[in-house]
Amino acid sequence: MAKQREESEKNEFWDGIIEGIPLFAKELIAGGVAGGFAKTAVAPFERIKILFQTRQAEFRSLGLFGSFTKIAKTEGAPGFFRGNGASVARIVPYAALHYMAYEEYRRWIINGIPGVGTGPILDLIAGSFAGGTAVLFTYPLDLVRTKLAYQVVGSQNLNVQGLVTGEQVYKGIKDCFSKTYKEAGTKGLYRGVAPSLYGIFPYAGLKFYFYEKMKSHVPKERKKDIATKLACGSVAGLLGQTFTYPLDVVRRQMQVQRLSASNSHEMKGTSDTLVMIVQRHGWKQLFSGLSLNYLKVVPSVAIGFTVYDMMKAYLRVPSRDDAVVQVVTSSRNNQPSTMQS
């Protein structure tokens, strides 16, 4: 009896804490947890994809399984997660901001534009702006993650300003931040942000658009099924990624150009980098690693959406439509009443 009372008091305590968390904070927490879980689950594929994009001469000829074997032999299991610390450090705030900003932009649009209603187009717009917002706040972490993942122990092509071949340029996240900032200042930390924004606006928007569009055709009694979220989220991620993948390749090349031994031709910007890639390696290089990215996107998007929905349920976040109603009602109640004479 006493044990049951103690459990009840604990539940009431946690219930009180959860109820006291603001809506936007709940969305931040749910998004951050979802992003961390999803990114760690697909970290090995992410490492291989980055190497395919930036070290095509060394890894593309090996193929997927050959690349896995090479990393396993030279770096061991930790090699598959090289750069994942920076990746998770980036994705947690990125996903938190992305999901929260999406929900906020969606509510702002509905409340600010009378008669706009709801639907996939609204999700496209809100998702696009949310993606851009998240990128601007977290891009330096993505840059560091890419530079760390680019390093390969014993590589014969790593040569930076007289560095001894095979030596690691950066020893960790802090070291990478410090050296990058000393080399080029704040501008260096945002190297490649332009193609990131070009890509994230359509990708983030399309991802939410396709996800909500597909869910709109699902029977109401099936919308909460994990299998349904898996199917809708995976297809949405695949479609969005296919349309915007070339910009991801350009971004990676811009991020690691100072680490490349073949940097005799300085890449000035997004368009120059795009042209350089096509001239040197052909247009197919713009889709290098795309098939591997499909293997990464399917579980990543599935886990992301599923964990996000589970966390929202745990934190008692109301449905999107209910949240909008609450915000509208609250704003109306806070308006001063006017008396007619």
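Parameters at a glance
Residues numbered from 1 in each chain as written. Predicted model: local features only at pLDDT ≥ 70, side-chain atom pairs only at ≥ 80, totals over all residues. Heavy atoms only, no water. UniProt positions renumbered as here; feature names shortened; annotations may be inferred. Phe/Tyr/Trp six-rings, centres within 6.5 Å; stacked < 30°, edge-to-face > 60°. Helix = DSSP H or I, 4+ residues; strand = E, 2+ residues; numbered from the N terminus. Buried < 20%, exposed > 50% of the residue type's maximum accessible area, 1.4 Å probe, protein only. Lys NZ or Arg CZ within 6 Å of the ring centre and 35° of its normal. Core = buried A, V, L, I, M, F, W, Y, C linked by side-chain atoms within 4.5 Å. Contact = heavy atoms within 4.5 Å. Axes fitted to C-alpha atoms, helices over the stretch in contact; angles between N-to-C directions. Parallel < 35°, antiparallel > 145°, perpendicular 65-115°, else oblique. Left-handed = near helix turned anticlockwise from the far one by under 90°. Nonpolar A, V, L, I, M, F, W, Y, C, P; charged D, E, K, R; others polar.

An unreviewed UniProt entry annotates the chain as Mitochondrial adenine nucleotide transporter adnt1 originating from Nicotiana attenuata. Word for word, the UniProt comment on the chain under Function (unreviewed entry) is "Required for the accumulation of coenzyme A in the mitochondrial matrix." Turning to the chain, the UniProt annotation filed under Subcellular location (unreviewed entry) states: "Mitochondrion inner membrane".

K.L.:
When you look at the packing of aromatic side chains in this model, what are you seeing that I'm missing?
P.N.:
Geometry of an aromatic ring pair is reported as the spacing of the ring centres plus the angle between the planes. Under the counting rule described, the total for this entry stands at 12 aromatic pairs. Aromatic pair Tyr105 and Phe129: ring centres 6.1 Å apart, planes at 55°, arrangement tilted. Pair noted here: Tyr105 is in helix H6 (residues 84-112) and Phe129 is in helix H7 (residues 120-150), with a separation of 24 residues, a long-range link. A centroid spacing of 6.1 Å and a plane angle of 85° characterise the contact between Phe129 and Phe201, whose relative ring orientation is edge-to-face. Of this pair, Phe129 sits in helix H7 while Phe201 is found in helix H9 (residues 193-215), placing the two residues 72 residues apart along the sequence. Relative accessible area serves as the criterion here: at 47%, Phe129 is assigned to the partly exposed category. Each residue in the set Tyr99, Tyr102, Phe208, Tyr211, Phe305 and Tyr308 is aromatic and connected to the rest through ring pairs, giving one cluster. One cation-aromatic arrangement involves Lys207 over Phe208; the distance from NZ or CZ to the ring centre is 5.8 Å.

K.L.:
Looking at this model, I keep getting lost on the nonpolar core. Mind explaining?
P.N.:
With 33 residues, the main nonpolar core has Tyr94, Tyr99, Val135, Ile200 and Phe305 as its most contacted residues. Going through the elements one at a time, helix H2 (23-41), H6, H7, H9, helix H10 (226-256) and helix H12 (290-314) are the ones with two or more residues in this core. For this core, the element with the highest residue contribution is H9, accounting for eight residues. Excluding residues that lie within four positions of it along the chain, Phe305 makes contacts with Tyr99, Lys207, Phe208, Tyr211 and Gly233. In this structure, Val249, Val250, Met276 and Ile277 belong to the second largest nonpolar core, which totals eight residues.

K.L.:
Looking at this model, I keep getting lost on the environment of Pro44. Mind explaining?
P.N.:
As for its position among the elements, Pro44 is in helix H3 (residues 43-54). A relative accessible area of 15% places Pro44 in the buried class. Sequence separation of Pro44 and Phe68 is 24 residues, and the distance between their C-alpha atoms is 8.5 Å. Residue contacts for Pro44: discarding those within four places in its chain leaves Phe68, Phe80 and Phe81.

K.L.:
Could you clarify how one ought to interpret the packing of H6 against H9 in this entry?
P.N.:
Helix-helix packing: each pair is described by the crossing angle between the helix axes and the interaxial distance. The geometry of H6 relative to H9 is characterised by a closest axis approach of 13 Å and an angle of 60° between their N-to-C directions. Taken together, the axis directions place H6 and H9 in an arrangement best described as oblique. Here H6 and H9 pass one another in a crossing that is right-handed. Of the residues in H9, those in contact with Tyr94, His98, Tyr99 and Tyr102 of H6 are Ile200, Ala204, Lys207, Phe208 and Glu212. Split into classes, the residues belonging to the contact of H6 with H9 amount to six nonpolar, one polar and two charged.

K.L.:
How do you make sense of unusual backbone geometry when you look at a structure like this?
P.N.:
Outside of glycine, negative phi angles account for most residues, and trans bonds account for most peptide bonds. The residue Arg316 is not glycine, and still its phi comes out positive at about 60°. Inspection of the secondary structure puts Arg316 in the loop between H12 and helix H13 (320-334).

K.L.:
Before we go on, may I ask you to explain the environment of Phe24 in this structure?
P.N.:
Along the polypeptide, Phe24 turns up in helix H2. The spacing of Phe24 and Val317 is 293 residues in sequence and 9.4 Å in space, taken between C-alpha atoms. Every residue in contact with Phe24, bar those within four places of it in the chain, is listed here: Met100 and Glu104.

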